Amino acid sequence: MGKAWTFEDNMNTDEIIPGRYNITIDPLELAEHVFCEVKPEFPEQVQPGDIVVGGQNFGCGSSREHAPIAIKGSQVKCVIAKSYARIFFRNSVNIGLPILECPPAVDDITEGDLVEVNLSSGVITNQTKGTSYQANPLPDFVIRIAEAGGIVNFLKEHDIQELMG
Amino acid sequence: MGTLIEEILSRKAGKPVQAGEIVMVDADYMMSHDNTTPLAIKAFRNIGKPIHDKNRIVLHFDHAYPAPNLMAAGNHRMIIDFVKEQELPFLFKQGVCHQVMIEEGFIAPGAIVIGADSHSNTYGALGAFGTGLGSTEIGVGWVTGKAWFRVPETIRVEVTGQTQPGVYAKDVMLHITGELGMDGGTYRSIEFGGEYIDNLPMHERIIFSNMSTEVGAKCGLIAADQTTIDYLENETCAEGPFDIIQPVHPVYESVVNFDVSALTPQVACHPDVDNVSPIAGVEGLEIHQVYIGTCTNARYEDLVVAASILKGKRVHDYTHVIVTPASNRIYEKALKNGLIETLMQAGCTVTQPGCGACIGRHGGILAAGERALTTMNRNFIGRMGSPEAEIYLSSPATAAASALTGRITDPRTIQEN
């Protein structure tokens, strides 16, 4: 169970991690500045297992992988959003940052709520409000990547054609 | 049978494919730059398999080049060591990656080019499927030669009419961006067409594909035609014969029509790219920096427009005016033809080609409270430096006119010399 940190629609990659910090690829160093523009207290106060809750089009903008890496580096359990920008979605899957799409849960969760997420079933439980939601199912090949812990790990053991099942 | 993206992906997949299908296809080229290559190298090393075809890997130094600090310098050194180790044939240090990719002949109609940069959509202007991916997928591409895609649905943007003097392709695309919204094209292919697009020269077509990224699109395509072939043959190192791929009985998710006849210059205002206003709504707003550069609007013809407005005049005393040609080739041509001299005599600072100021790295960082008018494609908070600075986007003509006054200025009010 973790605390929810809520963000607005169209959270862009510069707001997740400003370009001036992208000279490093170290997840922990990036995490020191994650969301610093929009929620300056986040890098210091976030706890392992907390949940990032976004709106529509989360992660729009640059192709920088630094954005999901910075979020992963902050040791949050996952991101829940109404929808994702396409490159951010691919990048998160590839680097093994768990992301769930669930508009009703996003509408229900307010900052500071205690939220439990079961990543394998996609069930999201808002402990503070006593509500529960089912996230949208992910495509099969995305699950294959996620189960391997990211595309790099997948390719260590498999040929890329095996992604297609 | 299908939209342009369906036609391109069908040829690559070797079978007819339609929107909604997932395909695994060969990428003709895999592009990355000094900002995104280090993570691609990390993924490559972690996978632990050899490079599939080094002739399809293209690297650029442009985001922080020449190195503005120690970390960037270390990145460049690490990438060069990798290039030497793997004997990679293509490392460019001559300007903004997307412009150099086109100039050096890596882009041709029907090609699939993936780039670890969101503005890889740019290549769509030449009828290629260019799209942005993350670094890890580029590293995966080095090893496999492939990438997966969900064949996207297509929004057809049909543009008709002729623009008035002082109104440019950038104004049209800013207007379209404002109308579609920053998530109006998410996961979609946008196919630009209609008589206005058909009649545009390549340097202006590129703006539409480049900025298709700003509405979330997977790609922004313009079907190749004689303009494309002529451009490839005369302005790039690409070698034909070129394949002209057209949509065939396409089924579009939606068709959006724009008539540009009455359009005035447009400005995208702080803090969102779809916060677009006709110039009349922002005229007179004080600006502290003008930046004419980037993969959107720093081609030779853009410099011609800026120079024609600034010739024989002086830019405003308290406004930084920075001009960054997109590539060395453009810089050289502008030097030979006297444009650089004109711009410098007007008080512009002309910098080395690259991306520096657009991403807040170097060569034009904004202080808190400053407002910039730029020819960039996005104006995210904090992008050019301080999160308390504001970024506005316009055509090169509006930017140059505003450089003279230190205020957002309608280029139609400035007399050219």
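What you see is a predicted model, and the numbers here were worked out from it, not measured in a lab.

A. Focus on the overall build of chain A. When helices and strands are counted, chain A shows eight helices and seven strands. Here chain A has a C-alpha radius of gyration of 15 Å; the compact-globule value for 165 residues is 15 Å, and the two agree. Summarising its shape, the C-alpha atoms of chain A cover approximately 45 × 40 × 25 Å along the three principal directions. The buried share of chain A, reckoned over its 165 residues, is 55%.

B. Representation of the interface of chain B and chain A in the model. Chain B puts 45 residues into the contact, and the matching count from chain A is 42 residues. In total, chain B and chain A occlude about 3,800 Å² of area from one another, counting both sides; carbon and sulfur atoms represent 61% of this. It is Met24(B), Leu39(B) and Trp148(B) that lose the most area in chain B upon contact with chain A, and together they represent 16% of the buried surface on that side. Linking chain B with chain A are two salt bridges, by the criterion used here. Arg90(A) serves as the salt-bridge partner of Glu137(B), at 2.6 Å between the closest nitrogen and oxygen.

C. Structural view of the environment of Val58(B). Among the secondary structure elements, Val58(B) is positioned in strand E3 (residues 57-60). In sequence terms Val58(B) and Leu88(B) are 30 residues apart; their C-alpha atoms lie 8.3 Å from each other.

D. The arrangement of the nonpolar core in detail. In terms of nonpolar packing, the biggest core is built from 76 residues, with Phe35(A), Phe58(A), Ile71(A) and Trp142(B) touching the most fellow members. The greatest single-element share of this core, amounting to six residues, is contributed by helix H2 (residues 37-47) of chain B. Beyond its immediate stretch of four places on either side in the chain, Phe35(A) contacts Phe7(A), Met11(A), Glu15(A), Ile16(A), Pro40(A), Phe42(A), Val52(A), Phe58(A) and Ile71(A).

E. Focus on the sheet that holds strand E8 (residues 154-160) of chain B. Residues and elements named next belong to chain B. Read across the open sheet, the four strands follow the order E10-E9-E8-E11; overall the sheet is parallel. Strands with a single pairing partner mark the edges of an open sheet, and in this sheet they are strand E10 (219-221) and strand E11 (254-259). In this sheet, adjacent strand axes meet at a mean angle of 20° when their direction is disregarded. Relative to E11, E8 runs parallel, the two being bridged by six bridges.

F. Layout of the packing of aromatic side chains. Under the definition given, this model contains 20 aromatic pairs over all chains. A ring pair is formed by Phe44(B) and Phe82(B), whose centres lie 5.6 Å apart and whose planes are at 80°; its orientation type is edge-to-face. One end of the pair, Phe44(B), is in helix H2; the other, Phe82(B), is in helix H3 (residues 70-86), with 38 residues separating them in the sequence. Neither Phe44(B) nor Phe82(B) differs from the other in exposure class; each is buried. A cation sits over an aromatic face here: Lys39(A) above Phe7(A), 5.1 Å from the ring centre. The aromatic ring of Tyr300(B) is capped on one face by Lys333(B), whose charged end is 4.3 Å from the ring centroid.

G. Seen up close, the environment of Ile151(A). Position of Ile151(A) among the secondary structure elements: in helix H8 (residues 151-157). Judged by its relative accessible area of 2%, Ile151(A) is buried. Placed 114 residues apart in sequence, Ile151(A) and Glu37(A) show a C-alpha to C-alpha distance of 30 Å. Ignoring any residue separated from it by four or fewer positions in sequence, one finds Ile151(A) in contact with Asn94(A), Ile145(A), Leu163(A), Thr136(B) and Val140(B).

H. A look at the domain arrangement of chain B. All names here are of chain B. The domain boundaries assigned to chain B delineate domain 1 (4-14 + 21-237 + 254-258) and domain 2 (267-411). For domain 1 and domain 2, the distance between their C-alpha centroids amounts to 23 Å. At the junction of the two partners, domain 1 supplies 38 residues and domain 2 supplies 34 residues. For the pair domain 1 and domain 2, the summed buried surface comes to about 3,000 Å²; carbon and sulfur atoms form 58% of the total. Inspection of the domain 1/domain 2 interface yields two salt bridges. A salt bridge links Arg378 to Glu214; the nearest nitrogen and oxygen atoms lie 3.0 Å apart. Across the domain 1-domain 2 interface, the total number found is 18 residue pairs in polar contact (both at pLDDT 80 or more). Put simply, the parts of the chain that give the side of domain 1 that touches domain 2 at least two residues each are helix H4 (97-103), helix H6 (169-180) and helix H8 (202-211). Considering only residue class, the side of domain 1 that touches domain 2 consists of 13 nonpolar, 17 polar and eight charged.

I. Geometry of the side chain of His63(B). All names here are of chain B. Turning to its location among the elements, His63 is positioned in the loop between E3 and H3. Note on His63: relative accessible area 7%, which makes it buried. A polar contact of 3.3 Å, which involves the side chain of His63, links it to the side chain of His33.

So, how was this worked out
Residues numbered from 1 in each chain as written. Chains lettered and ligands numbered in written order. Predicted model: local features only at pLDDT ≥ 70, side-chain atom pairs only at ≥ 80, totals over all residues. Heavy atoms only, no water. Helix = DSSP H or I, 4+ residues; strand = E, 2+ residues; numbered from the N terminus. Rg over C-alpha atoms; globule rule 2.2 N^0.38 Å. Buried < 20%, exposed > 50% of the residue type's maximum accessible area, 1.4 Å probe, protein only. Contact = heavy atoms within 4.5 Å. Buried area = accessible area lost by both parts, 1.4 Å probe. Salt bridge = Lys/Arg side-chain N within 4 Å of Asp/Glu carboxyl O. Core = buried A, V, L, I, M, F, W, Y, C linked by side-chain atoms within 4.5 Å. Pairing = 2+ DSSP bridges. Axes fitted to C-alpha atoms, helices over the stretch in contact; angles between N-to-C directions. Phe/Tyr/Trp six-rings, centres within 6.5 Å; stacked < 30°, edge-to-face > 60°. Lys NZ or Arg CZ within 6 Å of the ring centre and 35° of its normal. Domains from an automatic or database assignment. Polar contact = N/O pair within 3.5 Å; in protein donor to acceptor, adjacent residues only side chain to side chain. Nonpolar A, V, L, I, M, F, W, Y, C, P; charged D, E, K, R; others polar.

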